[in-house]
Amino acid sequence: MKILFATSNQHKFEEAAAYLAGRGIQLERFPIEHREMRSESLEEIARDAARFAFKKCKKPVFVEDAGLFISALNGFPGTYSAWVQKKLGNAGILKLMAGAPDRSAYFEACIAYHDGKRISCFSGRCPGSISEGARGASGFGYDPIFVPEGYPQTFAENILLKNNISHRYKSLLEFSKSLEP
Ligand code: ITT
């Protein structure tokens, strides 16, 4: 089985392709630059992006919207994670978090799959905390400052762990189950 993943982010594509290959699903990247709608809801953004992607490629296609939600910052950067990563980077987030006693945070991903008739959504969440400093060289985005709950290392220090417990893994698991005959 072959499916299109519409994304501008090569890292997201590679993580999804590696996971789905193990379940017999081949991914093809549909490179798309889409000005995201503004919303506090990952699902609303993902549904809108899936509609846009389907109009462009006219084949079954999925998109994924993801973000990092930090408790001490009232859920920021949340649905603005891509923009904040570009403007402030991890150093900027660590600065905002200086002295914060509550460092809890979670990653969330929402997949929206347009099968030609309807859009279905699959979410995954990974709880954890923000480290005191950036650590590790693997992964992308906020991986060097995110420590998943129950483990000592950041995602960027342990990418194998990331791929087995992440928000992306969990949303892909639900998505791939829905594709089973
Ligand atoms: P799309 O074209 O697929 O939308 P994007 O990079 O803009 O690509 P998002 O809107 O989902 O994707 O942006 C979420 C941002 O959150 C992303 O750019 C990263 O900075 C960060 N992010 C998402 N998933 C992440 C992960 O698994 N590890 C680290 N950072 C992540």
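Reading the values: rules and limits
Residues numbered from 1 in each chain as written. Predicted model: local features only at pLDDT ≥ 70, side-chain atom pairs only at ≥ 80, totals over all residues. Heavy atoms only, no water. Patch = residues over 30% accessible without salt bridge, like charges linked within 9 Å, V, L, I, M, F, W, Y side chains within 5 Å. Areas by Shrake-Rupley, 256 points an atom, 1.4 Å probe, with all protein chains shown as cover. Salt bridge = Lys/Arg side-chain N within 4 Å of Asp/Glu carboxyl O. Helix = DSSP H or I, 4+ residues; strand = E, 2+ residues; numbered from the N terminus. Pairing = 2+ DSSP bridges. Right-handed = clockwise from strand over helix to strand, strands pointing away. Core = buried A, V, L, I, M, F, W, Y, C linked by side-chain atoms within 4.5 Å. Buried < 20%, exposed > 50% of the residue type's maximum accessible area, 1.4 Å probe, protein only. Expected span 1.5 Å × (residues − 1). Arc of directions from axis to C-beta. Contact = heavy atoms within 4.5 Å. Polar contact = N/O pair within 3.5 Å; in protein donor to acceptor, adjacent residues only side chain to side chain. Phe/Tyr/Trp six-rings, centres within 6.5 Å; stacked < 30°, edge-to-face > 60°. Axes fitted to C-alpha atoms, helices over the stretch in contact; angles between N-to-C directions. Parallel < 35°, antiparallel > 145°, perpendicular 65-115°, else oblique. Left-handed = near helix turned anticlockwise from the far one by under 90°. Nonpolar A, V, L, I, M, F, W, Y, C, P; charged D, E, K, R; others polar.

**So, a nonpolar patch on the surface**
Inference 1: Residues F76, L88 and L96 make up a contiguous nonpolar surface patch of roughly 250 Å² in combined accessible area.
Inference 2: Mapped onto the fold, L96 is located in helix α4 (residues 89-96).

**Quick word on the pairing of strand β2 (residues 26-30)**
Inference 1: Inspection of the sheet shows strand β1 (residues 2-6) paired to β2 by 5 bridges, in the parallel sense. Following the sheet pairing, I3 is matched in β2 by L27.
Inference 2: The handedness of the β1 to β2 crossover, carried by helix α1 (residues 10-21), is right-handed.

**What to know about the nonpolar core**
Inference 1: Counting 17 residues, the largest nonpolar core has L68, I70, I93, F107, I130, Y142 and F146 as the members making the most contacts within it.
Inference 2: Within the residue set of this core, elements represented by two or more residues are β3 (61-70), α4, β4 (104-114), β5 (119-130) and α5 (159-165).

**Looking at α1**
Residue pairs spaced three or four apart in an α-helix point in one direction, given the helix's 3.6 residues per turn.
Inference 1: Over its 12 residues, α1 extends 16 Å from the first C-alpha to the last, a length consistent with the 16 Å expected when each residue adds 1.5 Å.
Inference 2: Where α1 is concerned, the buried positions are K12, F13, E15, A16, Y19 and L20. For α1, the angular spread of the buried residues around the axis is 165°, confining them to a single face. Exposed positions of α1 whose direction lies more than 90 degrees from the buried face are A18 and A21.
Inference 3: Check the buried side of α1 and you find it contacts β1, β2, β3, α5 and α6 (167-179).
Inference 4: Capping the start of α1, N9 holds a side-chain oxygen 2.9 Å from the backbone nitrogen of H11, two or three residues further along.

**Digging into the packing of aromatic side chains**
Inference 1: By the definition in use, this model includes 10 aromatic pairs.
Inference 2: Taking 5.5 Å as the distance between ring centres and 45° as the angle between the ring planes, the aromatic pair formed by F122 and F175 counts as tilted. Pair noted here: F122 is in strand β5 and F175 is in helix α6, with a separation of 53 residues, a long-range link.
Inference 3: According to the relative accessible area criterion, F122 is buried, its value standing at 13%.
Inference 4: A relative accessible area of 0% means that F175 is categorised as buried.
Inference 5: Through a chain of ring-to-ring contacts, the aromatic side chains of F5, F13, F62, Y113, F122 and F175 assemble into a single cluster.

**Here's the deal with the environment of E108**
Inference 1: Relative to the helices and strands, E108 resides in strand β4.
Inference 2: The spatial distance from the C-alpha of E108 to the C-alpha of S171 is 8.8 Å, given a sequence separation of 63 residues.
Inference 3: Residues in contact with E108, not counting those within four places in the same chain, are L42, D65, A66, G67, F69, S123, G124, R125 and H167.
Inference 4: At a separation of 2.8 Å, a polar atom in the side chain of E108 contacts the side chain of R125.

**Comments concerning the packing of α1 against α6**
Inference 1: It is the contact of α1 with α6, at a shortest axis distance of 10 Å, that shows an interaxial angle of 50°. Between α1 and α6, the crossing angle belongs to the class labelled oblique. Where α1 crosses over α6, the handedness of that crossing is right-handed. Residues K12, E15, A16, Y19 and L20 of α1 lie in contact with α6, whose contacting residues are R168, Y169, L172, L173 and S176.
Inference 2: Grouping the constituent residues of the contact of α1 with α6 by class yields 6 nonpolar, 1 polar and 3 charged.

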